[in-house]
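# Notes for the structure review
Below, each chain spelled out in residue letters.
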Amino acid sequence: LAIIFLIATAFAVNAFILGNVTSDLKGNLSKYGISDEAASFAKQHKIVNIAVFGVDGRDDVEGDRTDTIMVATADYEHSKVKVASLMRDTYVYIDKKYGYDKLNAAYAYGGPDLALQTINQNFDTTITDYITIDFNAMVSMVNAVGGVTIDIETEEELDWVNEYLMDVNEKVATGSPFLEETGSQLVDGSQALAYCRVRYVGDGDFDRTLRQRVVFEQVLSKAL
């Protein structure tokens, strides 16, 4: 619940100031990897972007890899909340020290600051705010809004969701039951996390990021 509150607060504060790329960043554009052109463009629009890093850091994994990278957007010009995915395997320039590497390596090398800088300089964005979510936070976040609705399209997808659910229940110490059928259904946090982790059905990582957006957009909409 605290994480949802932080996201909503970041949206609200930046909407009030709309200076996260103006007054707050004077002299600090290079720190965030923001170009003068991008900052100038951002001043002309009432749009707030926040980076969302999903990390898989846990006891059996060394380091924090941002296997999920999204941009949550509060578009006050069209009264919409949007979520866009950045593909984790995108080959990008990080900095002089690390050169070119996969986008998800930036967080592992230098934490959220380097990750933000890498995103801004490669995608010409003006993002200064972020939130990092791990497995436990994801489960708690979905449960805090009363669950989300997902659509299991095939038996193969159903099998993989339940396969990941066994791992989630173990890692997060929950006891969520297996999903028993395909189709649209309300799921809890552990079941939603298992759904978000599926990568071997459909179009690989592209469908995986779609599942993540389906879940996260519902969480944001319900919270706001």
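First, a word on scope: everything that follows refers to the structure included in this document. (Residues numbered from 1 in each chain as written. Predicted model: local features only at pLDDT ≥ 70, side-chain atom pairs only at ≥ 80, totals over all residues. Heavy atoms only, no water.)

### Here we look at the packing of helix α5 (residues 155-172) against helix α6 (residues 189-197)
Between α5 and α6, whose axes approach to 8 Å, the crossing angle comes to 120°. Considering their axes alone, α5 and α6 lie oblique with respect to each other. Two packed elements cross with a definite hand, and for α5 against α6 that hand is right-handed. For the pair α5 and α6, the contacting residues are E157, V161, Y164, L165, D167, V168 and N169 in the first and S190, Q191, L193, A194, Y195 and R197 in the second. Here the residues of the contact of α5 with α6 sort into seven nonpolar, three polar and three charged. (Axes fitted to C-alpha atoms, helices over the stretch in contact; angles between N-to-C directions. Helix = DSSP H or I, 4+ residues; strand = E, 2+ residues; numbered from the N terminus. Parallel < 35°, antiparallel > 145°, perpendicular 65-115°, else oblique. Left-handed = near helix turned anticlockwise from the far one by under 90°. Contact = heavy atoms within 4.5 Å. Nonpolar A, V, L, I, M, F, W, Y, C, P; charged D, E, K, R; others polar.)

### Description of the packing of aromatic side chains
In the structure shown here, the tally under the stated rule is seven aromatic pairs. Ring geometry for W160 versus Y200: centroids 4.9 Å apart, planes at 45°, classification tilted. Separated by 40 residues along the polypeptide, W160 in helix α5 and Y200 in the loop between α6 and α7 (204-223) bring together distant segments of the chain. We classify W160 as partly exposed; its relative accessible area is 27%. What links up through ring pairs into an aromatic cluster is the set F53, Y107 and Y130. (Phe/Tyr/Trp six-rings, centres within 6.5 Å; stacked < 30°, edge-to-face > 60°. Buried < 20%, exposed > 50% of the residue type's maximum accessible area, 1.4 Å probe, protein only.)

### Notes on the pairing of strand β4 (residues 91-95)
In this structure, β4 lies alongside strand β5 (residues 99-102), joined through four bridges in antiparallel fashion. Looking at the pairing, Y91 lines up with K102 of β5. In textbook terms, the turn of a hairpin is the stretch between consecutive antiparallel strands, and for β4 and β5 this stretch comprises three residues. (Pairing = 2+ DSSP bridges.)

### Description of the pattern of salt bridges
Here the structure, examined in full by the defined rule, presents eight salt bridges. When the shortest N-O distance is used, the salt bridge between K82 and D75 registers 3.0 Å. Given the relative accessible area of 36%, K82 is considered partly exposed. For D75, a relative accessible area of 3% translates into the label buried. Close ionic contact of D205 with R208 constitutes a salt bridge, the shortest N to O distance being 3.9 Å. (Salt bridge = Lys/Arg side-chain N within 4 Å of Asp/Glu carboxyl O.)

### Some words on the nonpolar core
In terms of nonpolar packing, the biggest core is built from 35 residues, with M138, V148, I150, V215 and F216 touching the most fellow members. The set of elements that each furnish at least two residues to this core consists of β2 (66-75), β6 (129-133), α4 (135-144), β7 (148-152), α5, α6 and α7. Residues within four places of V148 in sequence aside, it is in contact with V142, Q185, L186, V187, A192, V215, Q218 and V219. (Core = buried A, V, L, I, M, F, W, Y, C linked by side-chain atoms within 4.5 Å.)

### Notes on unusual backbone geometry
The phi angle at S79 is positive, at roughly 55°, despite the residue not being glycine. Counting through the fold element by element, S79 comes out in the loop between β2 and β3 (80-85). Taking relative accessible area as the criterion, S79 reaches 68% and is therefore assigned exposed. Even without being glycine, D124 reaches a positive phi, approximately 60°. Topologically, D124 is positioned in the loop between α3 (105-123) and β6. The class for D124 is partly exposed, based on a relative accessible area of 49%.

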